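The primary structure of each chain is shown beneath.
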Amino acid sequence: RSANQQKGDLSPMEMTTAAVPQTVSIDEVPSTAAEDTPLLSDPPDTSSQPQQQQRERSDSFLSFKRNDSIGNLSHLAKMNKTVFKVTSYLGLANEKAMLLQAYEDADDKLLLFQRTYNDEVNKVTDFYADKLREVSERMEALRVDTSFLDESAKKRKIMKKKKKGMMMPQQMMMGRRGSNIVTNMKNTFESIMKGSPHHQHGGGGVDVDGAYSMSMEDEEDMDLEVLQTFTSGDGDEYETPTRNNNNNDKGGENSAQRAKKGDEESLRRKLDLDSIKRAMDDIYRTAKLLHNFSIMNYTGFVKIAKKFDKTFKDHKGLFKGNNCDDGKKAEVLAGKMERLYANWFCDGDIREAQAQMLSKRGDGLMMDWTQLRLGYRLGMCSILALWVAWDCVWGQLSRGEVSIGGRTAFPVFRGCFGLLAWHWFWGLSVYVWTRYRINYIYLFEFDPRNVDTPIDIFNDAVDETLVFLICMLLYYKTESDDQLFPDLIPPGAYPMFLILYTIKCMIFPWKLRKPLWNSIRQVLLASFVSPTFFLTYVGDVFTSMVKVFQDILWSVCFVASGDWMISEKQHATMHHVHAWSDKLWYKNIAIPLICLFPLWLRFNQCLRRYMDTGKRFPNLANAFKYAMSQAVTLFGAFHPL
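Predicted, not measured: the structure shown is a model, and the values here were computed from it. (Residues numbered from 1 in each chain as written. Predicted model: local features only at pLDDT ≥ 70, side-chain atom pairs only at ≥ 80, totals over all residues. Heavy atoms only, no water.)

When helices and strands are counted, the protein chain shows 24 helices and two strands. Evaluated residue by residue, the protein chain yields a buried proportion of 32% over its 641 residues. Excluding contacts between residues fewer than 6 apart, the proportion of contacts in the protein chain whose partners are at least 24 apart in sequence is 70%. When the accessible area of the protein chain is evaluated, it comes to approximately 41,800 Å², of which 59% is carbon and sulfur surface. (Helix = DSSP H or I, 4+ residues; strand = E, 2+ residues; numbered from the N terminus. Buried < 20%, exposed > 50% of the residue type's maximum accessible area, 1.4 Å probe, protein only. Contact = heavy atoms within 4.5 Å. Areas by Shrake-Rupley, 256 points an atom, 1.4 Å probe, with all protein chains shown as cover.)

Spelled out as structure tokens, the structure:
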């Protein structure tokens, strides 16, 4: 009580510092107690205070020794801190308590920011190191498998030096053209009249300037000899037949067989070289993307550190030197690939190697008709869409006919349209990410070799849209009263064809569709597979496609029951149209399961994410959200209004 009376004579800052040692006895203070104290200021010197005040304060210290343990004190401190937070948030605390709480929150937030910054730096550094090691291993494996190209490059350089040495006399004689032109012409004429073997066989000889020149056939022989150093995968050398081998045939093969064998070996050699070039392009572009990734993250962390230093000047330099890799190793690796490619395929020209390994489409340097073809087909889609919309609206307003929405197979077209719309939106997303240089390939962990460009995605979507609109228009016109289209094909064949075409587009080409189906399989096994960013993205997309999944289920039942073979007029005379849609298994079991299944997958992903990371927020919060969504879906399914 006396200590509380003395507080009235102290300043607010001294009151704060004086209240700190009253929580724990001096003899029982652990060595780490200073780490838990607020970062306000050092305790004031109490040597100059009156002895009675120090004696009363020591009595208060002794009174705390009667507590059972320091754990009780820490528990009380936590309770006091919680009360301070609640009262400050509600506006019931006084200014001194709010000031103290603000200082404590500042310390906690600073530690949290520092920990988060270090975690993000470590994450980027680990990802960069793993990808760099993977690219380096692929590069070394490629160099081991293609070691014969180094020997080929050396031999090609030697042949070029020989060719250059043979062309030196021509340059030397050019300087003495004026004085020796008559003599040179005389020697050339005499050699022709005598029938020189060089001229008889088409070889190199002496030209009008007296210099030795290589014929085109000799240059081709040199290139073929250089290509003989390429070896196949089994270790056998490619034996390229030349004209000199015509006189040295020991195997008894005729010239046609040798030519055929030479063509096959040349084709195999060309395919091998194309495969090597594609592998080098892939490694080089991966290294470039990795370099851009590191530079972008390095710049971001530097800006964050600078902003922190400007905002908190007392802690300036806290993150100095704590940054991710600047991408120099990836740049060095890309430089090695440029030199290798230049030595192997570009005669040492680095600029030409860079141009070939980073080729661009549609950059204006050459005619590219891709966008023109895309625009032409988009115009066709627009005309067909206007035709379908006009017939539906005009037929219902002028004649009172049922539009396409009232036809039997409309859920089939609606489900296929949902998948088609998803394809269009995916192409638009890829275009935006590519336009603003968002590296979605690494974010989604895609294989760069199996990624389509936005133009390719739009081309596929346009083709699918054309088939969709044509099938819808034919189905609507064959069932209308105009009878513009002959009734040679049953109307149900058009939605059936659309279903088969949609299945074909979802499976083929298998090389591009296989990663998608693997991701869907991993999403379905959410409890057993650790969810990545792309798997979480797919799970979120599934939660938005519940209506599409219902239409897909309806389409499967429509085909399996044989209703697609029944015309619209026959359906009008039947009492039970699509009787399976009123069954218990479809209405009360299948449809609720379709509605719950995407939410159940996301619920499992959130729980698995919590098990992997141990972070309650936001994983458990998201799991609770999807659990409540399942409850709402169940209530709506079994208690409809």
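In this section: the nonpolar core. If you look at the biggest cluster of nonpolar residues, it comprises 37 residues, and the most contacted ones within it are F413, F468 and Y586. Of all elements in the fold, only α14 (370-398), α15 (410-435), α17 (454-478), α18 (493-507), α21 (546-560) and α23 (584-613) reach the threshold of two or more residues within this core. Ranked by residue count, the leading element in this core is α17, at 11 residues. In contact with F468, other than residues within four places in its own chain, are F413, C416, F417, L420 and L498. (Core = buried A, V, L, I, M, F, W, Y, C linked by side-chain atoms within 4.5 Å.)

Next up on the list: the packing of helix α20 (residues 533-543) against α23. At a closest axis distance of 8 Å, the pairing of α20 and α23 adopts a crossing angle of 150 degrees. Here α23 runs roughly antiparallel to α20, going by the angle between their axes. Both α20 and α23 take part in a crossing whose hand is left-handed. Along its contact with α20, which presents L535, T536, G539, D540, F542 and T543, the element α23 presents P598, L599, L601, R602 and Q605. Across the contact of α20 with α23, the residue classes tally to five nonpolar, four polar and two charged. (Axes fitted to C-alpha atoms, helices over the stretch in contact; angles between N-to-C directions. Parallel < 35°, antiparallel > 145°, perpendicular 65-115°, else oblique. Left-handed = near helix turned anticlockwise from the far one by under 90°. Nonpolar A, V, L, I, M, F, W, Y, C, P; charged D, E, K, R; others polar.)

Using the criterion set out here, one finds 36 aromatic pairs in the structure. Ring geometry for F413 and F468: centres 6.2 Å apart, planes at 70 degrees, overall edge-to-face. Within this pair, whereas F413 is found in helix α15, its partner F468 is found in helix α17, the two being separated by 55 residues in sequence. Using a relative accessible area of 1% as the deciding quantity, one classes F413 as buried. For the ring pair W433 and Y440, a centre distance of 5.5 Å and an interplane angle of 35 degrees mean the geometry is tilted. With relative accessibility at 18%, the residue W433 sits in the buried group. (Phe/Tyr/Trp six-rings, centres within 6.5 Å; stacked < 30°, edge-to-face > 60°.)

What follows is about the pattern of salt bridges. Under the criterion given, the structure shown has nine salt bridges. Linking R138 and D282 is a salt bridge whose minimum nitrogen-to-oxygen distance equals 2.8 Å. Here D282 lies in helix α11 (residues 255-311) and R138 lies in helix α6 (residues 95-145), a separation of 144 residues in the sequence. Residue classification places D282 among the buried residues on the basis of a relative accessible area of 9%. Here R377 and D463 are joined by a salt bridge, their closest N and O atoms 2.5 Å apart. Highlighted residues: R377 in helix α14 and D463 in helix α17, separated in sequence by 86 residues. The exposure class assigned to R377 is buried, which follows from its relative accessible area of 19%. (Salt bridge = Lys/Arg side-chain N within 4 Å of Asp/Glu carboxyl O.)

The subject of this paragraph is α15. End to end, α15 covers 37 Å across 26 residues, agreeing with the expected 38 Å (1.5 Å per residue, within 8%). Of the residues flanking the end of α15, it is R437, one or two places downstream, whose phi is positive at about 55 degrees. (Expected span 1.5 Å × (residues − 1).)

This part covers the side chain of R602. Here R602 is to be found in helix α23. Not counting the four nearest positions on each side in its chain, R602 is found in contact with T536, G539, D540, T543 and Y626.

So, about the packing of helix α12 (residues 328-345) against helix α13 (residues 350-357). Direction vectors running N to C along α12 and α13 enclose 105 degrees, while the axes themselves pass 8 Å from each other. With respect to α13, the axis of α12 lies roughly perpendicular. Across the interface between the two elements, M337, E338, R339, Y341 and A342 from α12 touch I350, A353, Q354, Q356 and M357 from α13. Here the residues of the contact of α12 with α13 sort into six nonpolar, two polar and two charged.

Further remarks concern a positive patch on the surface. Residues K303, K306, K307 and K310 make up a contiguous surface patch of positive charge. Judged by its relative accessible area of 66%, K310 is exposed. (Patch = residues over 30% accessible without salt bridge, like charges linked within 9 Å, V, L, I, M, F, W, Y side chains within 5 Å. Lys, Arg positive; Asp, Glu negative; His and termini not counted. Charge placed at Lys NZ, Arg CZ, Asp CG, Glu CD.)

A separate point is the environment of L142. Here L142 shows up in helix α6. Considering only alpha carbons, one finds L142 and I276, 134 residues apart in sequence, at a separation of 8.1 Å.

As for its placement among the helices and strands, S555 is situated in helix α21. For S555, a relative accessible area of 9% translates into the label buried. Not counting chain neighbours up to four residues away, the residues in contact with S555 comprise P411, V412 and I499.

Interpreting fine coordinate detail is not advised for predicted regions of low pLDDT. Taken over all residues, the pLDDT of the protein chain has a mean of 74, while the share at 70 or more is 64%. Confidence over residues 174-179 falls short of pLDDT 50; this stretch has two contacts with residues more than four positions distant or in other chains. Within the model, the stretch residues 361-367 combines pLDDT values under 50 with four contacts to residues more than four positions away or in other chains. (pLDDT = per-residue confidence, 0-100.)

It is generally the case that most residues other than glycine have a negative phi and that most peptide bonds are trans. In this structure, the amide linkage connecting F508 to the following residue, P509, adopts the cis form with an omega of -5 degrees. By secondary structure assignment, the location of P509 is in the loop between α18 and α19 (510-524). With an omega of 5 degrees, the peptide bond running from F617 to P618 counts as cis. The residue P618 is located in the loop between α23 and α24 (619-638) in this model. With a phi angle near 60 degrees, E445 is a residue other than glycine that sits in the positive phi range. Here E445 lies in the loop between α16 (440-443) and α17. Given a relative accessible area of 56%, E445 falls into the exposed group.

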